[in-house]
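Residue-level structural notes
Here's the letter readout for the chains.
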Amino acid sequence: MAEVTVKQLAEMVGVSVERLLTQMQEAGISGKSEGASVSESERQTLLVHLKRSHGEDADGGEPKKITLKRKTTSQLKVASGASGKKKTVNVEVRKKRTYVKREELDTSAAREEEARRAAEAEEAARLEAERLKAEEDAQRKAAEEEAKRVAEQEAKRKAEEEAKRKAEQEAASKREAEDNARRQAQEDARRQAEELAAKAAARTANAGAAGDRGGRNDGNGRRDQKKGNARNTRGGNKPGGRDGGNRRGGKLSRKPGQGGRNQSNRPNEHGFKEPTARQVHEVTIPESLTVAELAKKMSVKAAEVIKVMFKMGAMATINQVIDQDTAILVVEEMGHTPKPLQENAVEEALLESVAASSGEQKGRAPVVTVMGHVDHGKTSLLDYIRTTRVAAGESGGITQHIGAYHVETDNGMVTFLDTPGHAAFTAMRARGAQLTDIVILVVAADDGVMPQTEEAVQHAKAAGVPLVIAVNKMDKEEADPDRVKNELAQRDVLPEEWGGDTQFVHVSAKSGLGIDELLDAVLLQAEMLELTAAPEGPGQGVVVESRLDKGRGPVATLLVQNGTLRKGDIVLAGLHYGRIRAMMDENGKPIEEAGPAIPVEILGLDGTPNAGEEFTMVTNEKKAREVALFRQGKYREVKLARQQKAKLENLFSNMQAGDVKSLNIVLKADVRGSLEALSAALEDLSTDEVKVNIVSSGVGGIAETDANLAVASSAIMIGFNVRADAQAKAVVEREELELRYYSVIYDIIDDVKQAMTGLLSPEYREEIVGIAEVRDVFRAPKIGAVAGCMVTEGTVYRNKRIRVLRDNVVIYEGELESLRRFKDNVNEVRQGMECGIGVKNYNDVKVGDQIEVFDTVEVQRTL
């Protein structure tokens, strides 16, 4: 039998290749792979091994031994927890027994059997020990839980006893206080009764005769003195007691500081003193505030402020918003000191504090932006440098986002920004030029300078960034680098060998030609720029891109330009803020911090910031929230003002131009940069007759609210690299909305342009379908003048409009009354035939006139 491969042998035997290789290694045949050949001797060796492993004789005899395996499972119930419930534990016992032919048994087989039995006994003993240990652990755990439960009950009982004891003490204290108050009230009542009795006795004594008064004076005086002494003994020595022996004119008098009640001789006056001098407040006035807020700041009623404004000639209500200048005039009129307040004071103070906390400046890696025309090889060049395959995974093979990467080279680290080359992404390229230190301008050697190439040169010059020209696709036969130099020289980009300051490097992203020279040129340019940053300060930089991820929320790609950004920092980026919950590098690996010139992706912001917004790390979340809310309010005001201005400016023009048709669009994209480019590209398609109106745009998947908005506004829905959720799909199907998904920007622009073409008003064009020459005129009493004609061109139709021409001048336009050939009415007469024509409502037809038959054709217009 000829030699076969391992794979073929596995197919013949009916096992997998991996299983066959394992069996061959067990048989002593090693070093084989799937495509290796297997000789006849190796197959025999494998066969002998397999027979022996199955207990058969290698010569093909009967099996010498049979192995039986048995597995039994038993259940054991043990107590678990304080509740006393029993838990079931499964115990599995596995047994293996081998039967060998009696005549084959020898001394070694006996020893093996004895060893096997010993191993089985040892295994059984081990399983029994494990079972006993499991029982002991369960019992110990139950005892611990019972002790814990008893301790908790004891602690609960003690807490209840302590609470009961405290409650009894509080009740006893309350009863004692009530008893003291009751005794005091009884004592006061008794004293009042004694005082009334003394007054009655005094009145009785004054009513006696004058003679009797003299005789009894000594005795009464002594009795009164005794009573007074007795009363003084009871209560006169106590605070507030009364003096029983002190009488004036028959009435009892109180000494100062004595009596039952603590009374004061001070007059009953209010504690508040009205200010004698006028209070002048320093009033802080923001850019706008309401009349009520202004009154509160001056500590006056709103009616007073409204009255002053009326006197100044301004009518206002309590909730009316007034500007800062008006508020300053009102405050000065009312005699207070105005202090204008800048609304961005908190923002400026926050940014100043961040700028003041920067540390020592140190060297940093350069940030390099790769720019150029579409399909000139920007991403492929970066792929070769990064040894990845990004371009192959992009829709249509073109870049539609800004990508940020950092690469470790032999001479140091370089951070690259890859920008789109399509014409719709102008804003992205301008933003990339502003973020960067050096621009690599990629120009295809076989294509030369193209529109986006020239635009990239303008962006780099506007940003003041040096250029390094990479002449790509040098591996092609039609490559012409001199043409590239000549075309760029016409745009003031001169190579060094021609006396300029721009480095030209010939590269090939396919073969790797000149890549090392390009990196050396970039690093040389970076050394000349002497780039520095403060890595010890708070993180600052720019938002490169942002998107809304369905599972992770808002995701922002940041380029750290100064300081160090760490996980857990509070970041303020444009209109949004948040704490960094996670931080990843461009490969999706989590990192803890990022220094200057490092691009990172962060999670944790409360929204998707606009690409190009600056971000900064702040220490106080409250200040970050205040600044973010202030920026959102200013953005809203500017947006409303812009909309109002557009309405006012277009009011009269719309009235004059009439109703302009509009194509409403609900646009959703995956990242903020693509959304910005798409919105600008679609709005640029608007014409005088058809306007593209983006009703709503946002980042993230298409939600139910977007579908409802499309229903209300009769809009078409466009998703760029996003999809609709289940609720949105239900609305789309129910309302029969038009929902389209795209991944390439070309297709969106083409389809929207086609939809706009359908909204254009049609254009009507007249086509002459036939001409008849009048040869004679007949008069009929019922019809009038009938022209006898010869059809010289085309066909004359009965139901189409006609013109009567005399000396090539139109003298009448109307319809045919009748069309006859001989005596029959016909619908059409072809060229070269005679006919009789009656013109409706026109009888002045003469010999030599021409009757022109025409048709109105609708022509569809295009943009």
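These figures come from a predicted structure and were not determined experimentally. (Residues numbered from 1 in each chain as written. Predicted model: local features only at pLDDT ≥ 70, side-chain atom pairs only at ≥ 80, totals over all residues. Heavy atoms only, no water.)

The next point concerns the overall build of the chain. Each helix and strand counted, the chain has 19 helices and 39 strands in total. A burial count over the chain gives 36% of its 863 residues as buried. Looking at the chain as shown, the accessible area adds up to about 52,400 Å², and 48% of this sits on carbon and sulfur atoms. (Helix = DSSP H or I, 4+ residues; strand = E, 2+ residues; numbered from the N terminus. Buried < 20%, exposed > 50% of the residue type's maximum accessible area, 1.4 Å probe, protein only. Areas by Shrake-Rupley, 256 points an atom, 1.4 Å probe, with all protein chains shown as cover.)

Time to look at the nonpolar core. It is characteristic of soluble globular proteins that their nonpolar side chains tend to be buried jointly. Counting 26 residues, the largest nonpolar core has Leu-558, Leu-565, Val-571, Met-583, Val-600, Ile-602 and Phe-615 as the members making the most contacts within it. Among the elements of the structure, strand 14 (412-418), strand 19 (540-549), strand 20 (553-562), strand 22 (570-573), strand 23 (576-584), strand 25 (598-605) and strand 26 (614-618) are those that each provide at least two residues to this core. Membership of the second largest hydrophobic core comes to 25 residues, among which are Val-370, Leu-381, Ile-385 and Phe-416. (Core = buried A, V, L, I, M, F, W, Y, C linked by side-chain atoms within 4.5 Å.)

Here we come to a nonpolar patch on the surface. On the surface, Met-12, Val-13 and Val-15 cluster together into a nonpolar patch covering about 270 Å² of accessible area. With respect to the helices and strands, Met-12 occurs in helix 1 (residues 6-13). (Patch = residues over 30% accessible without salt bridge, like charges linked within 9 Å, V, L, I, M, F, W, Y side chains within 5 Å. Salt bridge = Lys/Arg side-chain N within 4 Å of Asp/Glu carboxyl O.)

Let us now look at helix 19 (residues 745-759). Given 3.6 residues per turn, any residue in an α-helix points the same way as the ones three and four places further on. Between its terminal C-alpha atoms helix 19 stretches 22 Å, which fits the 21 Å expected from 15 residues at 1.5 Å a residue. On the buried face of helix 19, the contacting elements are strand 27 (661-669), helix 16 (672-683), strand 28 (690-699), strand 29 (716-720) and strand 30 (739-742). (Expected span 1.5 Å × (residues − 1). Contact = heavy atoms within 4.5 Å.)

Looking at the chain, the pLDDT average stands at 79 and 80% of residues meet or exceed 70. Every residue in residues 209-265 is under pLDDT 50, and counting partners more than four places away or in other chains gives 42 contacts. Overall, residues 388-402 carries pLDDT values under 50, and its contacts beyond four positions in sequence, including any with other chains, amount to 49 contacts. (pLDDT = per-residue confidence, 0-100.)

Ordered in space as 19-20-25-23-22-26, the six strands form a closed barrel in which the pairing is antiparallel. Neighbouring strand axes in the sheet, compared pairwise and without regard to direction, differ in orientation by 45 degrees on average. For strand 19 and strand 26, the ladder comprises three bridges, and the chain directions are antiparallel. Across the sheet, residue Gln-540 finds its bridge partner in strand 26, namely Thr-616. (Pairing = 2+ DSSP bridges. Axes fitted to C-alpha atoms, helices over the stretch in contact; angles between N-to-C directions.)

With that out of the way, let us pick up helix 17 (residues 704-713). Those residues of helix 17 not exposed but buried are Asp-706, Ala-707, Ala-710 and Ser-713. What you see down the axis of helix 17 is that its buried residues fit within an arc of 135 degrees, all on one side. Facing away from the buried surface of helix 17 by more than 90 degrees, the exposed residues are Thr-705 and Ala-712. One or two steps after helix 17, the chain reaches Ser-714, where phi turns positive at roughly 55 degrees. (Arc of directions from axis to C-beta.)

As a further point, take the sheet that holds strand 27. The parallel open sheet is built from four strands, whose spatial order is 28-27-29-30. The strands lining the two open edges of the sheet, one partner per strand, are strand 28 and strand 30. Across this sheet, the average inter-strand angle for adjacent strands is 25 degrees, counted without regard to direction. Looking at chain direction, strand 27 and strand 29 are connected through five bridges and run parallel. Residue Leu-667 lies in a different strand from strand 29, and its bridge partner there is Ile-718. Docked against the sheet, helix 16 engages strand 27, strand 28 and strand 29, running at close to 170 degrees with respect to strand 28.

A cluster of like negative charges, contributed by Asp-410, Asp-516, Glu-517 and Asp-520, occupies part of the molecular surface. Structurally, Asp-516 can be placed in helix 14 (residues 515-529). (Lys, Arg positive; Asp, Glu negative; His and termini not counted. Charge placed at Lys NZ, Arg CZ, Asp CG, Glu CD.)

Attention shifts here to the packing of aromatic side chains. The tally for this structure, following the rule as stated, stands at one aromatic pair. Geometrically, the ring pair formed by Tyr-812 and Tyr-842 is stacked, given 4.7 Å between the ring centres and 10 degrees between the ring planes. Here the residue Tyr-812 occupies a position in strand 34 (residues 809-814), and Tyr-842 occupies one in the loop between strand 38 (834-839) and strand 39 (850-859), the gap between them amounting to 30 residues. Between the NZ or CZ atom of Arg-723 and the centre of the ring of Tyr-741, over which it lies, the distance is 4.4 Å. The ring of Phe-854 has Arg-803 sitting right over it, with the charged end atom 3.9 Å from the ring centre. (Phe/Tyr/Trp six-rings, centres within 6.5 Å; stacked < 30°, edge-to-face > 60°. Lys NZ or Arg CZ within 6 Å of the ring centre and 35° of its normal.)

Applying the stated rule across the entire model yields 41 salt bridges. Of the charged contacts, one joins Lys-485 and Glu-497 as a salt bridge, the two residues approaching to 2.7 Å between their closest N and O atoms. Highlighted residues: Lys-485 in helix 13 (residues 481-489) and Glu-497 in the loop between helix 13 and strand 17 (503-506), separated in sequence by 12 residues. Using a relative accessible area of 10% as the deciding quantity, one classes Lys-485 as buried.

With that out of the way, let us pick up the side chain of His-576. Relative to the elements of secondary structure, His-576 occurs in strand 23. The exposure class of His-576 is buried, given its relative accessible area of 18%. In terms of polar contacts, His-576 uses its side chain to reach the side chain of Asp-606, at 3.3 Å. In contact with His-576, other than residues within four places in its own chain, are Val-571, Asp-606, Gly-607, Thr-608 and Pro-609. (Polar contact = N/O pair within 3.5 Å; in protein donor to acceptor, adjacent residues only side chain to side chain.)

What follows concerns the environment of Ala-597. With respect to the helices and strands, the residue Ala-597 is situated in the loop between strand 24 (593-594) and strand 25. Sequence spacing of Ala-597 and Leu-559 is 38 residues, and the spatial spacing of their C-alpha atoms is 6.4 Å. The contacts of Ala-597, once residues within four sequence positions are left out, are Arg-364, Ala-365, Val-367, Met-413, Thr-415, Leu-559 and Val-560.

The subject of this paragraph is unusual backbone geometry. The backbone of Glu-530 shows a phi angle near 55 degrees, a positive value even though the residue is not glycine. By the element assignment, Glu-530 lies in the loop between helix 14 and strand 18 (532-533). The phi dihedral of Asn-808 falls on the positive side, at around 65 degrees, and the residue is not glycine. Topologically, Asn-808 is positioned in the loop between strand 33 (801-806) and strand 34. Under the relative-accessibility criterion, Asn-808 is labelled exposed at 67%.

For the rest of this paragraph, the subject is the packing of helix 10 (residues 378-386) against helix 14. Relative orientation of the contacting elements helix 10 and helix 14 amounts to 95 degrees, with a least axis distance of 11 Å. In terms of orientation, helix 10 lies roughly perpendicular with respect to helix 14. Taking contact as the criterion, the partners of Leu-381, Tyr-384 and Ile-385 in helix 10 are, on helix 14, Ile-515, Leu-518 and Leu-519. Residues of the contact of helix 10 with helix 14, tallied by class, amount to six nonpolar, no polar and no charged. (Parallel < 35°, antiparallel > 145°, perpendicular 65-115°, else oblique. Nonpolar A, V, L, I, M, F, W, Y, C, P; charged D, E, K, R; others polar.)

On to the pairing of strand 15 (residues 438-444). With respect to burial, strand 15 is a largely interior element, seven of its seven residues being buried. Of the two faces of strand 15, the one holding Ile-438, Ile-440, Val-442 and Ala-444 and the one holding Val-439, Leu-441 and Val-443 are both buried throughout. Pairing of strand 12 (residues 367-372) with strand 15 involves five bridges; the strand directions are parallel. Each bridged residue has a counterpart across the sheet, and for Thr-369 the counterpart in strand 15 is Val-439. Judged from the six bridges that link them, strand 15 and strand 16 (residues 467-472) form a sheet pairing that is parallel. Paired with Ala-444 across the strands is Asn-472, a residue of strand 16. After leaving strand 15, the chain enters helix 12 (residues 451-463) and then returns to the sheet as strand 16, a path that is right-handed. (Right-handed = clockwise from strand over helix to strand, strands pointing away.)

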